[in-house]
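Summary of structural features
Residues per chain, in single letters:
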Amino acid sequence: MKRTYLAVLALTASAFALSAEEIAPTAVAFNEGSVESSLTGVAGDPVMGREIVGSKSLGNCVACHQVTDLSDIPFHGEIGPMLDGAGDRWSEAELRGIVANAKMMFEDSLMPSFYKTEGFFRPGNAYTGKAADETFGPLLTAQQIEDVVAYLATLKE
């Protein structure tokens, strides 16, 4: 009986995982800058999100933002707002919209659009300094966006 229950549970979980499809950058539905639906259907990992926010080769958020929780990473920027308390200031949907494409909420934002693949004047290939090629994609994957949102949601006052 226990094995049957576990087998049914495993099949249900795998069916759910198969039904959760990633939303393409061109299909993201913004509502006044917010993105209500998860881009992956999978919960974000705040530990991975912390790594992305602090990584110079991934999100590089600390180039423009200060985050007290990331005091182990040197040289935080002062261009963008401090991210301490981000989880109190913005909802998860708002955070997802801001990280995916901040210009949808803040038209004059200098923040890069981390989940966008079209509508650029002269796109580059991530942080390589080279022109875009046939592999051009968003700066972060859909799951990385979800991970960053999960981390930012933990930053409370």
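You'll find the structure just up there.
A brief structural summary.

A short note on helix α4 (residues 92-101)
With respect to burial, α4 is a largely interior element, eight of its 10 residues being buried. Along α4, the positions that sit buried rather than exposed are Ala93, Leu95, Arg96, Gly97, Ile98, Val99, Ala100 and Asn101. Looking at the buried side of α4, the elements it contacts are α3 (86-89) and α5 (142-154).

Examining the nonpolar core
Among the nonpolar cores identified, the biggest contains 29 residues, and Leu39, Leu70, Tyr115, Ile145, Val148, Tyr151 and Leu152 are the most heavily contacted of them. Of all the secondary-structure elements, those providing two or more residues to this core are α2 (46-54), α4 and α5. When residues of this core are assigned to their parent elements, the largest contribution, six residues, is made by α5. With residues up to four places along the chain from it excluded, the contact list for Ile145 reads Leu39, Arg96, Val99, Ala100, Phe114, Tyr115 and Leu140.

What about unusual backbone geometry?
One non-glycine residue, Glu32, lies in the positive phi region at around 55 degrees. You can call Glu32 exposed: its relative accessible area is 74%. Positive phi is not limited to glycine here, since Asn60 has a value of about 55 degrees. Among the secondary structure elements, Asn60 is positioned in the loop between α2 and α3.

Let's talk about the side chain of Thr40
Looking at where Thr40 falls in the secondary structure, it is placed in the loop between α1 (2-19) and α2. The class for Thr40 is buried, based on a relative accessible area of 7%. At 3.0 Å, the side chain of Thr40 forms a polar contact with the backbone nitrogen of Val42.

So, the pattern of salt bridges
Side chains that carry opposite charge are capable of pairing whenever their charged atoms lie near each other. Taken as a whole, this structure holds six salt bridges when the rule is applied. Linking Arg89 and Glu157 is a salt bridge whose minimum nitrogen-to-oxygen distance equals 4.0 Å. Here Arg89 is found in helix α3, whereas its partner Glu157 is found in the segment after α5, with 68 residues between them in sequence. Arg89 gets classed as partly exposed once you look at its relative accessible area, which sits at 38%. Here Glu157 falls in the exposed class, since its relative accessible area comes to 73%. By sharing partners, the salt bridges in this structure join Arg50, Asp69 and Asp72 into a single network.

Scoring rules and cut-offs
Residues numbered from 1 in each chain as written. Predicted model: local features only at pLDDT ≥ 70, side-chain atom pairs only at ≥ 80, totals over all residues. Heavy atoms only, no water. Buried < 20%, exposed > 50% of the residue type's maximum accessible area, 1.4 Å probe, protein only. Helix = DSSP H or I, 4+ residues; strand = E, 2+ residues; numbered from the N terminus. Contact = heavy atoms within 4.5 Å. Core = buried A, V, L, I, M, F, W, Y, C linked by side-chain atoms within 4.5 Å. Polar contact = N/O pair within 3.5 Å; in protein donor to acceptor, adjacent residues only side chain to side chain. Salt bridge = Lys/Arg side-chain N within 4 Å of Asp/Glu carboxyl O.

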